[in-house]
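Descriptive analysis of the structure
Letter by letter, the chains look like this.
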Amino acid sequence: MSKLVTIFGGSGFVGRYVAYRMAQDGWRIRVACRRPEYAGFVRTYGVVGQVEPVMCNIRNDASVRAVTHDADAVVNCVGTFDRKGKNNFGAVQDEGASRIARIAAEEGASHLVHISAIGADVEANSLYAQSKGRGEEGVLEHFPNAVILRPSVVFGPEDQFFNRFAGMTKMGPILPVVGAGTRFQPVYVDDVAQAAALCAEGKAAPGIYELGGPDVHTFRELMQTMLDVIRRRRLIMNIPFLPARALAAVMELGQTVTLGLVPAQITRDQVTTLKSDNIVQDGARGLADLGIAPTAIMAVLPDYLWRFRPSGQYAAIKESAKDAESKLSAN
């Protein structure tokens, strides 16, 4: 019988790619998520019955144990940007991660892969990074041979990074950003998934790996690349950290007053996070140590950002026709 893996958050952005890769490798997969009724699409990743979404609340021992039982490997892809509420930083990225590791060990799982983030540190300035750091400590305490993957900002068709800012270009001639000089090393979602799958199969040494793409860019440079891809001209305006923090405080207040109906576009903790570069540290193990060649941004961005172009899917056709017309005129 093929091996069984439980993927927590397996219907999310990164998790679905991990599920697909492992399904193609022949694994039976439990996709553990809060709303399995919305995760039916993962069933198509394999043959009938190979991939099954199941309900799980990682804040509850019994719920985690039920979906972990008999699993040969466990992959935790769950994360959050919510500082408040039941599924906040502490509940999900600290306590939830520790709970998954503890129960995976108790249930006899052979391998555990935990997806964290570059910058995870209990001594960090941001609450987000602190919770990621505490989660890593909890994982290693209960499952010392776990593999921890720390990606930089992850990009791909369903991302909330390039898609979000590309959508903002429709709102006016100015594209505001906080921390325009902060450096990132974007990593392709399927490269992260490939790394997770290899580690879940026991093909990598335990420990921490920092995952980044082949190039390092400032926030401003990434936004300019995105604008070039979607064929739009916008003024990239940097908002200094001090006024950005004040603006974030107002937005958070608005979210509180409206009971979440008007979500904050940026929080004070995110402003704090943006003060630090998000790149692979010198000497850290990474994709190369896993035998994975990182995918460049421009190899992927045009494949999913075309819908933000003024002419959408017809942009390439129009450009081709224009080039042909220019050549004819020149002759």
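Scroll up for the structure.
One structure accompanies this document, and this report is about it. (Residues numbered from 1 in each chain as written. Predicted model: local features only at pLDDT ≥ 70, side-chain atom pairs only at ≥ 80, totals over all residues. Heavy atoms only, no water.)

1. Remarks on the packing of helix 3 (residues 89–106) against helix 4 (residues 127–142)
What counts is decided by this rule: For helices, the fitted axis covers only the stretch in contact; all axes are lines through C-alpha atoms, and the angles between them, taken along N-to-C directions, range from 0 to 180 degrees. Helix and strand assignments come from DSSP, with helices taken as H or I runs of at least 4 residues and strands as E runs of at least 2, each series counted from the N terminus. Orientation labels follow simple angle bins: below 35 degrees gives roughly parallel, above 145 gives roughly antiparallel, 65 to 115 gives roughly perpendicular, and whatever is left gives oblique. In this analysis, two residues are considered to be in contact whenever any of their non-hydrogen atoms come within 4.5 Å of each other. Put simply, Ala, Val, Leu, Ile, Met, Phe, Trp, Tyr, Cys and Pro go in the nonpolar bin, Asp, Glu, Lys and Arg in the charged bin, and everything else, Gly too, in the polar bin.
It is at 8 Å that the axes of helix 3 and helix 4 come closest, and there the two elements cross at 10°. Regarding the angle of helix 3 to helix 4, the classification is roughly parallel. Touching Phe89, Gln93, Asp94, Ala97, Ser98, Ala101, Arg102 and Ala105 of helix 3 are Leu127, Tyr128, Ser131, Lys132, Arg134, Gly135, Gly138, Val139 and His142, all from helix 4. When its residues are assigned to classes, the contact of helix 3 with helix 4 shows seven nonpolar, six polar and four charged.

2. Notes on helix 6 (residues 189–200)
Test applied: By this rule, a helix spans an expected 1.5 Å times one less than how many residues it contains. Accessible area is worked out with a 1.4 Å probe on protein chains only. A residue is then buried under 20% of its type maximum, exposed over 50%, and partly exposed in between.
The end-to-end C-alpha distance of helix 6 is 16 Å, a good match for the 16 Å that twelve residues give at a rise of 1.5 Å each. Here helix 6 lies mainly inside the structure; ten of its twelve residues are buried. Here helix 6 has its buried residues at Val189, Asp190, Asp191, Val192, Ala193, Ala195, Ala196, Ala197, Cys199 and Ala200. Of the residues flanking the end of helix 6, it is glycine 202, one or two places downstream, whose phi is positive at about 80°.

3. Re the sheet that holds strand 6 (residues 147–151)
Definition in use: A strand pair is defined by DSSP finding two or more bridges across the two strands.
The seven strands lie next to each other as 3-2-1-4-5-6-11, forming an open sheet whose pairing is parallel. Whereas interior strands pair on both sides, the edge strands pair on one side only; in this sheet they are strand 3 (51–55) and strand 11 (207–211). Geometrically, the sheet is characterised by an average inter-axis angle of 20° between neighbouring strands, direction not taken into account. Across four bridges, the pairing between strand 4 (residues 73–76) and strand 5 (residues 111–115) is parallel.

4. Re the nonpolar core
To be explicit about the condition: What is meant by a nonpolar core is a set of buried Ala, Val, Leu, Ile, Met, Phe, Trp, Tyr and Cys residues, joined one to another through side-chain atoms within 4.5 Å.
Counting 72 residues, the largest nonpolar core has Met22, Ile29, Phe162, Met223, Met226 and Leu305 as the members making the most contacts within it. It is helix 6 that provides the largest number of residues to this core, a total of eight residues. Residues in contact with leucine 305, not counting those within four places in the same chain, are Phe162, Asn163, Ala166, Met226, Val229 and Ile230. In terms of nonpolar packing, the next biggest core, distinct from the first, is built from 20 residues, Ile58, Val67, Ala97 and Ile100 among them.

5. Quick look at the environment of asparagine 163
Selection rule: Pairs of N or O atoms are called polar contacts if they sit within 3.5 Å, as long as, within protein, a hydrogen donor faces a hydrogen acceptor (for residues adjacent in sequence, only side-chain-to-side-chain pairs).
Examined against the element boundaries, asparagine 163 turns out to sit in helix 5 (residues 162–168). On a C-alpha basis, the gap between asparagine 163 and valine 178 in space is 17 Å, while along the polypeptide they are 15 residues apart. Those residues in contact with asparagine 163, other than ones at most four positions away along the chain, are Gly156, Pro157, Glu158, Tyr304, Leu305, Arg307 and Phe308. Here proline 157 takes part through its backbone oxygen, which lies 3.0 Å from a polar atom of the side chain of asparagine 163.

6. Quick notes on unusual backbone geometry
One non-glycine residue with positive phi stands out, namely arginine 231, at about 60°. Looking at where arginine 231 falls in the secondary structure, it is placed in the loop between helix 7 (219–229) and strand 13 (235–239). Although it is not a glycine, leucine 259 sits at a positive phi angle of roughly 55°. With respect to the helices and strands, leucine 259 occurs in the loop between helix 8 (241–257) and helix 9 (268–273).

7. Side note on the packing of helix 1 (residues 13–24) against helix 6
Formally: Here is the rule for handedness: rotate from the far helix to the near one, and if that takes an anticlockwise turn smaller than a right angle the crossing is left-handed, while a clockwise turn gives right-handed.
Where helix 1 contacts helix 6, the two axes come as close as 8 Å, and the packing angle between them is 55°. As summarised for this structure, helix 1 and helix 6 are arranged oblique, according to the angle between their axes. For helix 1 against helix 6, the interelement crossing comes out right-handed. Contacts between helix 1 and helix 6 pair Phe13, Val14, Tyr17, Val18, Arg21 and Met22 from the former with Val189, Asp190, Val192, Ala193, Gln194, Ala196, Ala197 and Ala200 from the latter.

8. Digging into the state of the cysteines
Condition: Criterion for a disulfide: a pair of cysteine sulfur atoms at a distance within 2.5 Å.
Under the counting rule described, the total for this entry stands at zero disulfides. In this structure cysteine 56 is a free cysteine whose sulfur lies 8.8 Å from that of cysteine 33, the closest cysteine sulfur available. Unpaired in this structure, cysteine 199 has its nearest cysteine sulfur neighbour in cysteine 77, at a distance of 12 Å. Owing to a relative accessible area of 3%, cysteine 199 belongs among the buried residues under this scheme.

9. What to know about helix 2 (residues 61–68)
The condition that has to hold: As used here, the arc is the angular range of directions from the helix axis to the C-beta atoms.
All of the buried residues along helix 2 are Ser63, Val64, Val67 and Thr68. Down the axis of helix 2, the buried side of the element spans an arc of 125°, and every buried residue falls inside it. Residues Ala62 and Ala66 are exposed on helix 2 and point more than 90 degrees away from its buried face. Against the buried residues of helix 2 lie strand 1 (4–8), strand 2 (28–33), strand 3, strand 4 and helix 3. At the N-terminal boundary of helix 2, the capping side chain belongs to asparagine 60, with an oxygen 3.0 Å from the backbone nitrogen of alanine 62. Of the residues flanking the end of helix 2, it is aspartate 70, one or two places downstream, whose phi is positive at about 70°.

10. Side note on the pattern of salt bridges
This is how the line gets drawn: Any Lys or Arg side-chain nitrogen located within 4 Å of an Asp or Glu carboxyl oxygen qualifies as a salt bridge.
As enumerated under the stated definition, the model contains 15 salt bridges in all. For the salt bridge of glutamate 52 with arginine 43, the shortest nitrogen-to-oxygen distance reads 3.3 Å. Among the residues examined, glutamate 52 registers a relative accessible area of 28% and is labelled partly exposed. As a salt-bridge pair, glutamate 252 and arginine 268 come within 2.9 Å of each other at their nearest N and O atoms. Highlighted residues: glutamate 252 in helix 8 and arginine 268 in helix 9, separated in sequence by 16 residues.

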